[in-house]
Amino acid sequence: MAVSSKAALHSAIWTGIGFFLSALLAIHYSRFAGGVAVVWFANAFLAVRLNPLPLRVWPMTVAAAALASLVVTGLFGLGWMIAPGVVAVNMFEGVAAALILRRITQQHWPNDVAEWMAGYVLGIGLLVPAIGSLVIGGLVSLLPGETFATNFVNWLIGHALGLLIVLPAGSWICISIHHRERLLPRGQWSQAALMLAAMAVLAFFTFLQPARPLLLLPLLLVVFAAIWANPLVALGLPSMLALVGGLMTLYGYGPIAAMEPNNGDMPLLASHLQFLQIYLGLNVICALPIVAEQERRRRRLNALVHSEARYRLLSDHVSDVIMHLGRNGEVQYASPSITQLTGRDPDRLVGAPFASLADDAWRDVVAQASRAAVENPGFPKAAEFRSTTATGISRWLETHFRAVQDEEDRVTGLVCVTRDISERKQIEEDLSRAALTDPLTGIPNRRAFFEAAAAIGESGVPAALAVIDIDFFKKVNDRFGHAVGDRVLCAFAEAAAKAVRSTDFVARIGGEEFAVLLPETELLHAEKVCERLARAVNALAVDTPQGVVRITISAGIAALTDDADLAMAAADSALYRAKSEGRARLRVAA
């Protein structure tokens, strides 16, 4: 989303104000004995503000935060002498955390949970604050009465846990606001309010008594929310826990306030605040993998819903019949077009064996094809069979079976597409009776092609034809002889017949010139079919005593109308254009 200069300035100002207030509160409540603050969320605030913004507006935002950091450090923190160094480290941590978060989220969220968590915990939660701690420990140790070790540990824990706790929920909120998206879907605000209220009550009673085992109760609610609630709610619950638990710990209530510090040199309250941060960080880290997995499942489910909607729309409006079958061939779903094809009600077919659509003499053929698809997942199997409709009409049908596999590659069923090929079968029978076959290649000849083209053109269904010429075929004859030329023609015919669909057919219409008839096909799809044919021909290698012969083709494609001659002339014109532009290409008639 584009950000105007005015919006970028406003964003920088609010970032500076937010950084200043966050840092001021941390210094006021968690800085003891002149060292660094043991609680620090300001750098995490800067990172969540930077994360959704374009990189070009980062300098202005970082500059505002740097100014705020300089003022608060000089006036209320470690003093003006080392304030520039503190500012540099704070800005480094905020920018580095934002860059790492953006990168790991783009590459791994939510599909690669382990990779995302590794980048988040090790990169943002350890590496970035560790670098800052080394620099700050050295700087602060220059001040009278301050030691490197104490300030190194306090800075590392405070800044690491601040980043780990704030970044997930904060980034989610800032990204949603930046893209003007809803923080929560409609109808989920009441659920969110209920969950936050439950956490507030649970945290209050947990921190009202000194028993440490009860600290697990808020963690259980966070895990529950990660599984069942919106991700923002789950990631926001630790913030409510921090608010209630933090206030009660500050005033001396709860199991954390009752703990004795391990480090006798550390003030009691500082030790309590550090443990509280560790406790809150544990809540966030426990919730994040669950939230990622649930988000991955939500996205996958949403994709499946959209895919099913597209599939249903397609299956309800295509003439081919789409069916889902069980492993044993029983019908689980049939698209509405089954009624037009067979006269049967799709709902009444559910549970019946698919083979029952075939006439008795053809049921074994259908059953064998479906079993072969189950036994060879990944390889579609086809079957042609006769079927008698509910009204007694006999038709030729063709079905393509393909196995459906689950995530463990187990076959769970079949999907199949069935179409009426009666017209094609009739054409094949007519061609057979008339012996309209090219004697060299064994494919239909010119006469067969034009008769079929005229019949399909007069039927009124969308169709296309392509005229194909083998490039520089005369040179093949001149160099290798006519016997090799004949082998090349036969190899081309075989490759072309395999590359096109079963409803199409290829004909040799003279010399090195061929034509392809594509019934029930728009021009765009016809071009794709011809591109597939061209790739198959390019892969041909005809072995001869004189060496391997390779060929390319040029083709012209045109829509087939009721005037087959006119369509042929248009395809010829497109072919001429393809050849004049350098050959080895396809062109569609204007």
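Residues numbered from 1 in each chain as written. Predicted model: local features only at pLDDT ≥ 70, side-chain atom pairs only at ≥ 80, totals over all residues. Heavy atoms only, no water.

### Quick look at the overall build of the chain
Counting its regular elements, the chain contains 19 helices and 12 strands. Over its C-alpha atoms the chain spans a radius of gyration of 37 Å, topping by over 25% the 25 Å that the globule rule assigns to 590 residues. Among the 590 residues that make up the chain, the fraction classed as buried is 48%. Here the analysis covers contacts within the chain between residues at least 6 apart in sequence; of these, 64% occur between residues at least 24 apart. As displayed, the chain offers around 28,900 Å² of accessible surface, 61% of which is attributable to carbon and sulfur atoms. (Helix = DSSP H or I, 4+ residues; strand = E, 2+ residues; numbered from the N terminus. Rg over C-alpha atoms; globule rule 2.2 N^0.38 Å. Buried < 20%, exposed > 50% of the residue type's maximum accessible area, 1.4 Å probe, protein only. Contact = heavy atoms within 4.5 Å. Areas by Shrake-Rupley, 256 points an atom, 1.4 Å probe, with all protein chains shown as cover.)

### Details of the packing of helix H7 (residues 189-206) against helix H9 (residues 231-250)
For any two helices packed against each other, the geometry is given by the interaxial angle and the distance between the axes. For the pair H7 and H9, interaxial distance at closest approach is 9 Å and the crossing angle is 30°. Considering their axes alone, H7 and H9 lie roughly parallel with respect to each other. Crossing geometry of H7 relative to H9 is assigned as right-handed. Residue-level contacts link Ala192, Met195, Leu196, Met199, Ala200, Ala203 and Phe204 of H7 to Val233, Gly236, Leu237, Met240, Leu241, Val244 and Met248 of H9. (Axes fitted to C-alpha atoms, helices over the stretch in contact; angles between N-to-C directions. Parallel < 35°, antiparallel > 145°, perpendicular 65-115°, else oblique. Left-handed = near helix turned anticlockwise from the far one by under 90°.)

### Points about helix H17 (residues 482-499)
Taking 1.5 Å per residue, 18 residues should reach 26 Å; H17 reaches 25 Å between its end C-alpha atoms and fits that length. Every buried residue belonging to H17 is among Val484, Gly485, Val488, Leu489, Ala491, Phe492, Ala493, Ala495, Ala496 and Ala499, and all of these are buried. (Expected span 1.5 Å × (residues − 1).)

### As for the sheet that holds strand E12 (residues 586-588)
In space, the five strands of this open sheet follow the order E7-E8-E6-E11-E12, with mixed pairing throughout. The outermost strands of the open sheet, each flanked by one partner alone, are strand E7 (505-510) and E12. Mean inter-strand twist for the sheet, computed between neighbouring axes without regard to direction, equals 20°. Running at roughly 145° to strand E11 (residues 553-559), helix H19 (residues 564-580) makes contact with strand E6 (463-470), E7, strand E8 (513-519), E11 and E12 of the sheet. (Pairing = 2+ DSSP bridges.)

### Things to note about the nonpolar core
Ranked by internal contacts, the top residues of the largest apolar core, which has 70 residues, are Phe19, Trp40, Met91, Trp116, Tyr120, Leu167 and Phe207. Contact partners of Trp116, with chain neighbours within four places excluded, come to Leu101, Ile104, Thr105, His108, Trp109 and Leu288. Judged by nonpolar contacts, the second largest core, of 36 residues, contains Ala464, Leu489, Ala493 and Ile557. (Core = buried A, V, L, I, M, F, W, Y, C linked by side-chain atoms within 4.5 Å.)

### Structural notes on the pairing of strand E4 (residues 394-405)
On a regular strand, one side chain projects to one face of the sheet and the next to the other, so that they alternate. In this structure, strand E3 (residues 381-388) lies alongside E4, joined through eight bridges in antiparallel fashion. Bridging across to E4, Ser387 finds its partner in Arg395. By the bridge criterion, nine bridges tie E4 to strand E5 (residues 411-420) in an arrangement that is antiparallel. Directly across from Val404, in E5, lies its bridge partner Gly413. Where E4 hands over to E5, the hairpin turn is made up of five residues, of which Asp409 adopts a positive phi near 65°.

### Some details on helix H16 (residues 473-480)
Buried residues of H16: Phe473, Val476, Asn477 and Phe480, and no others. Projected down its long axis, H16 shows its buried positions confined to an angular sector of 100°, all on one face. Of the residues in H16, the exposed ones pointing more than 90 degrees away from the buried face are Lys474, Lys475, Asp478 and Arg479. Here the buried face of H16 lies against E6, H17, strand E9 (542-544) and strand E10 (547-549). Looking at the residues trailing H16, positive phi occurs at Gly481, about 100°. (Arc of directions from axis to C-beta.)

### Brief notes about a negative patch on the surface
Together, Glu458, Asp562, Asp563 and Asp565 make up a negatively charged patch on the protein surface. For Asp565, the location among the structural elements is in helix H19. (Patch = residues over 30% accessible without salt bridge, like charges linked within 9 Å, V, L, I, M, F, W, Y side chains within 5 Å. Salt bridge = Lys/Arg side-chain N within 4 Å of Asp/Glu carboxyl O. Lys, Arg positive; Asp, Glu negative; His and termini not counted. Charge placed at Lys NZ, Arg CZ, Asp CG, Glu CD.)

### Some details on unusual backbone geometry
Cis geometry marks the peptide bond from Trp109 to Pro110, where omega comes out at -10°. With respect to the secondary-structure elements, Pro110 resides in the loop between helix H4 (83-108) and helix H5 (113-140). With a phi angle near 65°, Arg583 is a residue other than glycine that sits in the positive phi range. By relative accessible area, which is 23% here, Arg583 ends up partly exposed. Of note, the phi angle at Ala584 is positive, near 55°, even though the residue is not glycine. Tracing the sequence through the fold places Ala584 in the loop between H19 and E12. Judged by its relative accessible area of 47%, Ala584 is partly exposed.

### As for the packing of aromatic side chains
Aromatic ring pairs are reported here in terms of the distance separating the ring centres and the angle at which the planes meet. Going through the model one piece at a time under the given rule, you end up with 11 aromatic pairs. Grouped by ring-pair contacts, the aromatic residues Trp109, Trp116 and Tyr120 constitute a single cluster. Positioned above the aromatic ring of Trp396 is the side chain of Lys425, whose terminal nitrogen or guanidinium carbon lies 4.5 Å from the ring centre. Lying across the ring of Phe472, Arg583 places its NZ or CZ 4.5 Å from the centre. (Phe/Tyr/Trp six-rings, centres within 6.5 Å; stacked < 30°, edge-to-face > 60°. Lys NZ or Arg CZ within 6 Å of the ring centre and 35° of its normal.)

### Focus on the sheet that holds E4
Read from one edge to the other, the open sheet built from five strands follows the order E2-E1-E5-E4-E3, with strand pairing classed as antiparallel. Because the sheet does not close on itself, it has two edges, and the strands there are strand E2 (331-334) and E3. Averaged over all pairs of adjacent strands, the angle between their axes in this sheet comes to 25°, without regard to strand direction. Lying over the sheet, helix H13 (residues 363-375) contacts E3, E4 and E5, oriented at roughly 155° with respect to E3.

### Some remarks on the environment of Asn376
Inspection of the secondary structure assignment puts Asn376 in the loop between H13 and E3. In this structure Asn376 comes out as partly exposed when scored by relative accessible area, which is 33%.

### A look at the pairing of strand E1 (residues 321-325)
Burial within E1 is extensive, with four of its five residues counted as buried. Bridge count for E1 against E2 is three bridges, and the pairing is antiparallel. Looking at the pairing, Leu325 lines up with Val331 of E2.

### Here's the deal with the pattern of salt bridges
Evaluated as defined, the whole model comprises 19 salt bridges. Lys425 serves as the salt-bridge partner of Glu428, at 3.8 Å between the closest nitrogen and oxygen. Separated by three residues within a single helix, Glu428 and Lys425 lie in helix H14 (residues 422-434), roughly one turn from each other. In this structure, Asp504 engages Arg501 in a salt bridge whose closest nitrogen and oxygen atoms are separated by 2.8 Å.

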